[in-house]
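Structural characterization, general
Here is how the chains run, residue by residue.
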Amino acid sequence: MLEKRPLVEALENFHKQRSISFHVPGHKNGLLSNLPKVMKETMRYDLTELCGLDDYHHPEDAIKEAERLLSDTYETQKSFFLVNGTTVGNLAMIYATCQFGEQIIVQRNAHKSIFHAIELVGAEPIFVSPEWDERTKTASYVPLEVISKAIHQYPMAKAVILTYPSYYGVASSELKDIIDLCHVNNIPVLVDEAHGAHFRANKGYPKSALMYGADVVVQSAHKTLPALTMGSFLHFNSNFLEVSTINKYLRMLQSSSPSYLLLASLDDARSYVDSYNEVDFKYFMDRRTLFMNSLETIPCLEVVQVDDPLKLLIRVGKYAGFQVQKAFEAQNIYVELADTHQVLFILPLLKGEHEYPFADIRKRIKYAVDELRKEEPNSPSEVQPIIQHSISTLHMSVGVLSGKRGEWIPYVRSIGRIAKAMVIPYPPGIPLIIAGEKITVSMLTELEEWLEKGAVFQGEHRLAEKLIYVVED
Ligand SMILES: Cc1ncc(COP(=O)(O)O)c(C=O)c1O
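Let me sum up the structure you'll find in this document.

Conventions we followed
- Residues numbered from 1 in each chain as written.
- Predicted model: local features only at pLDDT ≥ 70, side-chain atom pairs only at ≥ 80, totals over all residues.
- Heavy atoms only, no water.
- Pairing = 2+ DSSP bridges.
- Helix = DSSP H or I, 4+ residues; strand = E, 2+ residues; numbered from the N terminus.
- Contact = heavy atoms within 4.5 Å.
- Axes fitted to C-alpha atoms, helices over the stretch in contact; angles between N-to-C directions.
- Buried < 20%, exposed > 50% of the residue type's maximum accessible area, 1.4 Å probe, protein only.
- Near = heavy atom within 4 Å.
- Polar contact = N/O pair within 3.5 Å; in protein donor to acceptor, adjacent residues only side chain to side chain.
- Areas by Shrake-Rupley, 256 points an atom, 1.4 Å probe, with all protein chains shown as cover.
- Nonpolar A, V, L, I, M, F, W, Y, C, P; charged D, E, K, R; others polar.

As a further point, take the sheet that holds strand β13 (residues 343-346). One open sheet holds the four strands; their spatial order is β10-β11-β13-β12, and the pairing between them is antiparallel. For this open sheet the edge positions go to β10 (301-305) and β12 (337-338), each flanked by a neighbour on one side alone. Pairing of β10 with strand β11 (residues 311-316) involves five bridges; the strand directions are antiparallel. If you follow V304 over to β11, its bridge partner there is L313. Against the sheet, helix α11 (residues 278-296) makes contact with β10, β11 and β13, and its axis sits at roughly 150° relative to β10, the strand it touches most.

See the structure below:
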């Protein structure tokens, strides 16, 4: 039996009334749309704040009840549905915590939305560097010792902002000690848990940062739960911050016309987590083991497990992840991301009733690998990126930077210059260079490696012309 889903029920009830629309949205329950039939039918549920459907920014009925259930499931003081992804949650939690010129301790390998928030607020970031994780060949979490040093050096910091788990599924339990240390020093901890909305579903997954005592946690429900894209959760559980301040910024930063389809999918995703039981988890893990075992019989293919069982890394001999990604795409298998070493799979959070075509997938992967092996490998270099100083600040503050002129110069001549714009390999969306940072040899070495292996970049860049944007001398 399905769990209670107040918002889904409210939408269904409204739809049953065969109501006439003299209101927004302009597609009039899909009537005026020329989209294909299945899409058009869904538009009948694309409603707005009508009688019985509550008010997103001032909830008193179905949305209030659905958010209360969310809060119960995740055991928080208050939880919110977000309609603009974890991006808006990250913006709101940072706006609510610090002001112009105030210091904030932030993990250097955070998502760009964190850096955008810091830039918008005009806060002064104190970067703490993560450990290098040899298993995933990525930068992962910041150790306790580094956070402790940062707090000691910057005791006035308004918050510590961390990413947990990493995009690649690394989830260190050291987070508990870090949160305890911050709290002893009266510093709240804000966690970007974009990739951990499913952690609550079963104790076989890593613990959520909420269970370790984090103050604000934002999760992309759409990444691992059955929610529509852009659907996220923000959880508040703090004795240091005011929930009303977070709410104020959410009201300012989010649309006044939220998508009800999206909100309903968040209500459904919450109920999915609530009803996920031991049998479901065992079923998922059994299917996963069979799948991994079947992949490991493919010559040259290596499966790497991480802390989060929902993620798997696949490597093929000396081939760059970008080559593997292309070979898989030729067989219509689409991965979450590729990097120089590997591709990342996000597995489906299966319940006992779900089938997934693992046997067919294995067949296609075998074919893709056979085809790939006819090509030359663009082998990843074994050079480990140099992790920058464990604690660093911007060479030029956001405020000063915005008043400076920029110029495009060949990136090979940019060492020692101050970056005027971020350079962001996407995915994962973690900036390689942040505006205001001094460009170093190790940054350029890594940049060249990404470029050589065919990475895609976001941000203001002209990398195809080998140019980078720096502060004018
Ligand atoms: C670690 C991390 N934080 C935040 C985001 C942004 O999340 P959303 O797409 O839900 O806005 C992402 C997206 O990839 C992410 O990986």
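Picking up after the structure, the text goes on.
Moving on: the pairing of β11. Extensive coverage of β11 is indicated by the burial of six of its six residues. By the alternation rule, side chains of β11 split into K311, L313 and R315 and L312, I314 and V316, which are all buried. What sits between β10 and β11 in their antiparallel hairpin is a turn of five residues.

Looking at the ligand, there are 14 residues lining it, with T87, D192, S220, H222 and K223 nearest. The side chain of H195 places a nitrogen or oxygen atom 2.8 Å from an oxygen atom of the ligand. A distance of 2.8 Å is found between an oxygen atom of the ligand and a side-chain nitrogen or oxygen belonging to S220. When isolated, the ligand has an accessible area of 390 Å², and the protein chains bury 88% of it. Top element by residues in the shell around the ligand is helix α4 (residues 85-95). It accounts for four residues. Taken together, the residues of the shell around the ligand sort by class into two nonpolar, ten polar and two charged.

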